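Next come the chains, spelled out residue by residue.
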2 protein chains.
Amino acid sequence: MVTLAEVAQHAGVSASTVSYVLSGKRSISTTTRQRVEQSIRELGYHPNAGARALASSRSNIIALMIPLRTDMYVPVMMEIAIAVATTARTHGYDVLLLTGEEGPDAVRRVTGSGLADAMILMDVELDDERLPLLRGTDQPSVLIGLPADTTGMTCVDLDFRATGALCLEHLAMLGHRDIAVIGEAPAVYERHTGFAERTLDGLRGRSQELGVRLLHRPCDGGYDAMAVTLARILDERPGTTGFVVQNESAVEPLLALLRQQGRAIPEDVSVVAICPDQVATQASVRLTSVAIPAQEMGRHAVEHLVAKLDGRGKDEVVLIAPELTVRASSGPASA
Amino acid sequence: MVTLAEVAQHAGVSASTVSYVLSGKRSISTTTRQRVEQSIRELGYHPNAGARALASSRSNIIALMIPLRTDMYVPVMMEIAIAVATTARTHGYDVLLLTGEEGPDAVRRVTGSGLADAMILMDVELDDERLPLLRGTDQPSVLIGLPADTTGMTCVDLDFRATGALCLEHLAMLGHRDIAVIGEAPAVYERHTGFAERTLDGLRGRSQELGVRLLHRPCDGGYDAMAVTLARILDERPGTTGFVVQNESAVEPLLALLRQQGRAIPEDVSVVAICPDQVATQASVRLTSVAIPAQEMGRHAVEHLVAKLDGRGKDEVVLIAPELTVRASSGPASA
DNA sequence: ATAGGTTGTCGAAGCGCTTCGACTCGGACT
DNA sequence: AGTCCGAGTCGAAGCGCTTCGACAACCTAT
């Protein structure tokens, strides 16, 4: 293992000079710098992470806490994680992967040990028990998702309320008067993950403004659960012609079931999904959808965090505006 | 930030004693140990990760390199990552998330800097350029996947060759004589990710032994790609009654298309999928499938790694035996 | 009773880096 | 000519931990 001292000796300078070449915190003459850089290359030197962390009290690591459960949006989580990792690298940070399993203890452990300089939390619940801990530390953090109380927190999320409103608006404008919402799994609502409820708020609010009837039903993913849910919906509101689907693993089953019942899409019923674009374009019908901007959220989160670590950047709630793309699954309500 | 020294002072012992209480590397009297533990609790002490890494040259971090691409098995990747993270924690390790993006450089950086004690590589290609680097270091590593040359490597993977054989066998036993394989996306074959080719080997080998006709077609995910592929297959081999599907995002489209053509499952055609159980049970038909044991793979990988780090454990290729679960998508070939 | 072994504790020496203060040297300013 | 300043470099002091050797106290065996 090559050390700073060896590089220094090889280049004929002192250790501190090498350090300053690396960090750029003091000016170094061009000739010296080049000599040092040459030595670094020749010896294949990599600074020791532990020593660096100890001396500078900076680990250059960002902790990312992902949900353990897989009842929800797995591809979105993955995409966010990858975006976080790649963006972090462009700023010189690595990413530590924590699962929600440890809960608040993980927060304590990471902040206490200086393992990471900052944290990103996913799957934030409305009244998340990790938040008080984060507020009680000076370690910067960013939430992906929106808790009930955002004071002192930086949050990044899709504006799900606006998303709900947008979906409803789209269907209402097409003339649909009876709209059903296929929600997330019941468990998601029970644990008060905000996004599902905010979406619903947006849907409800706009439906009242526009005089549209709305029926919301949570739904586990998969064919069987969807079949049951759909039957109930059509029983209660036979005139339903518009569907908004939030649970991405209910999309394909819904389409299959509708088709099976002889309801044509979009001639008889319209479907709007809230899902990643990939899902929308790979489905058996190209879906009109509001995209979940996973990459953008991951990137945003990291960039806010880096800004905070650099002393720039303030607490802020960033709600990404939803964009609805019209594809082949929605059309005018039949007269 | 509480330090070891403060704990020592609070407990009225020396720093080294506290360290030994923590590590258990020397015997400590019960009374002293309890006093120290009490102080640790009262002060809320967490050992500083950097200092610990520096002094012990152990970071207690395992690096996990996941593929950047999302053209394949995203949920599987995610499940593996989560299994790795949780298993690692039970052994006192944290997980550093690296994306394939940096390629071999990431390996150099991590081993060179002592950021991690060991690595797990996913999405290993047959002739992976990261392998020489791994061989040239004394840092333990485990591959999830199987390269062409496994000498000096520890690998964990599903036995895809046996998986292929098993799928074929199942269909052949049911009387199917013309079988089509819906493979992974062409890109997967082009980059020589071994598992797809090994599956094919297994299928081909057994088909010859059993005298069954086999047609293999790579296929991108999604409805449209599947439609084209299926049309070609049925054009070339109209008598095809058995399907083996490896690309999980082609499963649902295939089912929909077959249904649409009036082919009943399993009365007219049988379908066997290679996919996680969740996909198999949530599909519109409960699928006969060979499960991809993502969790098991992640867990295995970590446990081998930990064994190596503890000086136990040797290089070894672990191929997990496939298990085929018969569900509702396969049945006897119609006479 | 004494040599020998255990057991429990301590002090001190690093691990490899960052960073502060100090120093030298040349040029710019009085 | 003398003073001041900035640029460029160095030495040394830690950062908080682990670990080695030393040592005291006690407990066996002889």
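Residues numbered from 1 in each chain as written. Chains lettered and ligands numbered in written order. Predicted model: local features only at pLDDT ≥ 70, side-chain atom pairs only at ≥ 80, totals over all residues. Heavy atoms only, no water.

A. Region of interest: the overall build of chain A. Across its full length, chain A carries 14 helices and 12 strands. Taking 335 residues into account, the globule formula puts the C-alpha radius of gyration at 20 Å, and chain A, at 25 Å, lies well above it. Expressed along its principal axes, the backbone C-alpha trace of chain A runs to roughly 85 × 35 × 35 Å. Counting across all 335 residues of chain A, residues that qualify as buried make up 55%. At a minimum sequence separation of 6, the contacts of chain A that also span at least 24 residues come to 72%. Accessible surface, chain A: about 13600 Å² in total, of which carbon and sulfur atoms supply 49%. When the 31 basic and 41 acidic side-chain charges of chain A are each reduced to a single mean position, those positions are 5 Å apart. (Helix = DSSP H or I, 4+ residues; strand = E, 2+ residues; numbered from the N terminus. Rg over C-alpha atoms; globule rule 2.2 N^0.38 Å. Buried < 20%, exposed > 50% of the residue type's maximum accessible area, 1.4 Å probe, protein only. Contact = heavy atoms within 4.5 Å. Areas by Shrake-Rupley, 256 points an atom, 1.4 Å probe, with all protein chains shown as cover. Lys, Arg positive; Asp, Glu negative; His and termini not counted. Charge placed at Lys NZ, Arg CZ, Asp CG, Glu CD.)

B. Structural detail: the relation of the copies chain B and chain A. Take chain B, turn it by 180°, move it 0.1 Å along the axis, and it overlays chain A with an RMSD of 0.1 Å. As the rotation angle and translation indicate, the two copies are arranged about a two-fold axis. Comparing interface residues between copies, 100% of those in chain B also sit at the interface in chain A, which points to an isologous, same-surface contact. (Least-squares fit on C-alpha atoms with pLDDT ≥ 70 in both.)

C. Just the protein's contact with DNA strand C, in detail. Taken together, 27 residues surround DNA strand C, and among them Leu4, Arg26 and Tyr45 of chain A together with Thr17 and Thr32 of chain B come closest. Sugar plus phosphate: this is where 55% of the atoms of DNA strand C within 4 Å of the protein reside. Separating a phosphate oxygen of DNA strand C from a side-chain N or O atom of Ser19 of chain A is a distance of 2.7 Å. Note that a base nitrogen of DNA strand C is positioned 2.6 Å from one of the side-chain N or O atoms of Tyr20 of chain A. Those elements that place two or more of their residues in the surface near DNA strand C are helix H2 (15–23) and helix H4 (49–56) of chain A together with helix H2 (15–23) and helix H4 (49–56) of chain B. Looking at the surface near DNA strand C, the element that brings in the most residues is H4 of chain A, giving five residues. Residues belonging to the surface near DNA strand C are distributed by class as follows: 12 nonpolar, 11 polar and four charged. (Near = heavy atom within 4 Å. Polar contact = N/O pair within 3.5 Å; in protein donor to acceptor, adjacent residues only side chain to side chain. Nonpolar A, V, L, I, M, F, W, Y, C, P; charged D, E, K, R; others polar.)

D. Broad picture of the sheet that holds strand E4 (residues 141–144) of chain B. In spatial order, the strands read E11(A)-E5(A)-E4(A)-E3(A)-E1(A)-E2(A)-E2(B)-E1(B)-E3(B)-E4(B)-E5(B)-E11(B); together these 12 strands make up an open sheet with mixed pairing. Of all strands in the sheet, those bounded by a partner on one side alone are strand E11 (317–320) of chain A together with strand E11 (317–320) of chain B. Between one strand axis and the next, the sheet turns by 20° as a mean value, whatever way the strands run. Pairing of strand E2 (residues 94–99) of chain A with strand E2 (residues 94–99) of chain B, which is carried by three bridges, proceeds in the antiparallel orientation. Residue pairing for E2 of chain B: Val95 of chain A is matched across the bridge by Leu97 of chain B. (Pairing = 2+ DSSP bridges. Axes fitted to C-alpha atoms, helices over the stretch in contact; angles between N-to-C directions.)

E. Inspection of the pattern of salt bridges at higher detail. With the rule as written, the count across this model stands at 42 salt bridges over all chains. Note that Arg213 of chain A is salt-bridged to Asp178 of chain A, the shortest N-O span being 3.4 Å. A residue pair is termed long-range when its members are at least 10 positions apart, and Arg213 of chain A in strand E7 (residues 213–217) and Asp178 of chain A in strand E6 (residues 178–182) qualify at 35 residues. Linked by salt bridges that have partners in common, Arg89 and Asp94 of chain A together with Glu102 and Arg109 of chain B make up one network. (Salt bridge = Lys/Arg side-chain N within 4 Å of Asp/Glu carboxyl O.)

F. Representation of the domain arrangement of chain A within the structure. Residues and elements named next belong to chain A. Its domain assignment divides chain A into domain 1 (4–47), domain 2 (61–158 + 294–320) and domain 3 (160–291). Each partner contributes to the interface: domain 2 provides 14 residues, whereas domain 3 provides 17 residues. Around 1300 Å² of area is buried between domain 2 and domain 3 when both sides are counted, 54% of it from carbon and sulfur atoms. Where domain 2 touches domain 3, the interface holds two salt bridges. Asp123 is the salt-bridge partner of Arg191, the closest N and O atoms lying 3.9 Å from each other. Between the two partners, domain 2 and domain 3, sit four residue pairs in polar contact (both at pLDDT 80 or more). Elements with a contribution of two residues or more to the side of domain 2 that touches domain 3: helix H5 (74–90) and strand E5 (154–158). (Domains from an automatic or database assignment. Buried area = accessible area lost by both parts, 1.4 Å probe.)

G. Summary view of the packing of aromatic side chains. Residue and element names in this part refer to chain A. According to the stated counting rule, one finds two aromatic pairs over all chains in the structure shown. Taking 5.1 Å as the distance between ring centres and 50° as the angle between the ring planes, the aromatic pair formed by Phe160 and Phe195 counts as tilted. Of this pair, Phe160 sits in helix H8 (residues 160–173) while Phe195 sits in helix H10 (residues 194–210), placing them 35 residues apart in sequence. Residue Phe160 is classed as buried on the basis of its relative accessible area, which comes to 5%. (Phe/Tyr/Trp six-rings, centres within 6.5 Å; stacked < 30°, edge-to-face > 60°.)

H. Representation of the sheet that holds strand E10 (residues 288–290) of chain B. All names here are of chain B. Strand order in this open sheet of six strands is E7-E6-E8-E9-E10-E12, and the pairing throughout is mixed. Single-partner strands in this sheet number two, and they are strand E7 (213–217) and strand E12 (324–325). The sheet contact formed by strand E9 (residues 270–274) and E10 spans three bridges and is parallel. From the neighbouring strand, Ile274 faces E10, where its bridge partner is Val290. Most of the contacts of helix H8 (residues 160–173) go to E9, to which it runs at about 165°, and overall it touches strand E6 (178–182), E7, strand E8 (242–245), E9, E10 and E12. Docked against the sheet, helix H10 (residues 194–210) engages E6, E7, E8 and E9, running at close to 160° with respect to E7.

I. Layout of the environment of Ser207 of chain B. Residue and element names in this part refer to chain B. Tracing the backbone shows Ser207 in helix H10. With relative accessibility at 5%, the residue Ser207 sits in the buried group. A sequence separation of 31 residues divides Ser207 from Pro238, and the C-alpha atoms of the two residues are 18 Å apart.

J. Structural context of the interface of chain B and chain A. Across the boundary between the two partners, chain B contributes 50 residues, which contact 50 residues of chain A. In total, chain B and chain A occlude about 4100 Å² of area from one another, counting both sides; carbon and sulfur atoms represent 66% of this. Contact with chain A buries surface across chain B, with His46, Met78 and Leu97 of chain B losing the most and accounting together for 15% of the total. Counting the contacts that link chain B with chain A gives six salt bridges. Only H4, strand E1 (61–66), helix H5 (74–90), E2, helix H6 (104–113), helix H11 (223–236), helix H12 (248–260) and helix H13 (277–282) of chain B provide two or more residues apiece to the side of chain B that touches chain A.

K. Inspection of the packing of H4 of chain A against H4 of chain B at higher detail. Two elements in contact, H4 of chain A and H4 of chain B, have axes whose closest approach is 7 Å; the angle formed by their N-to-C orientations is 135°. Between H4 of chain A and H4 of chain B, the interaxial angle falls into the category oblique. The crossing of H4 of chain A and H4 of chain B is left-handed. Every residue of H4 of chain B that contacts H4 of chain A at Gly50, Ala51, Ala53 and Leu54 of chain A is listed here: Gly50, Ala51, Ala53 and Leu54 of chain B. A class-by-class count of the residues in the contact of H4 of chain A with H4 of chain B yields six nonpolar, two polar and no charged. (Parallel < 35°, antiparallel > 145°, perpendicular 65-115°, else oblique. Left-handed = near helix turned anticlockwise from the far one by under 90°.)

L. Summary view of helix H14 (residues 294–309) of chain B. All names here are of chain B. Here H14 contains 16 residues, and its C-alpha end-to-end distance of 23 Å stays within 8% of the 22 Å for a straight helix at 1.5 Å per residue. Among the residues making up H14, those that are buried are Ala294, Met297, Gly298, Ala301, Val302, His304, Leu305, Val306, Ala307, Lys308 and Leu309. Its buried side turned inward, H14 meets E1, H5, strand E3 (118–121), E4, strand E5 (154–158) and E11. The first or second residue beyond H14 is Gly311, which carries a positive phi of 85°. (Expected span 1.5 Å × (residues − 1).)

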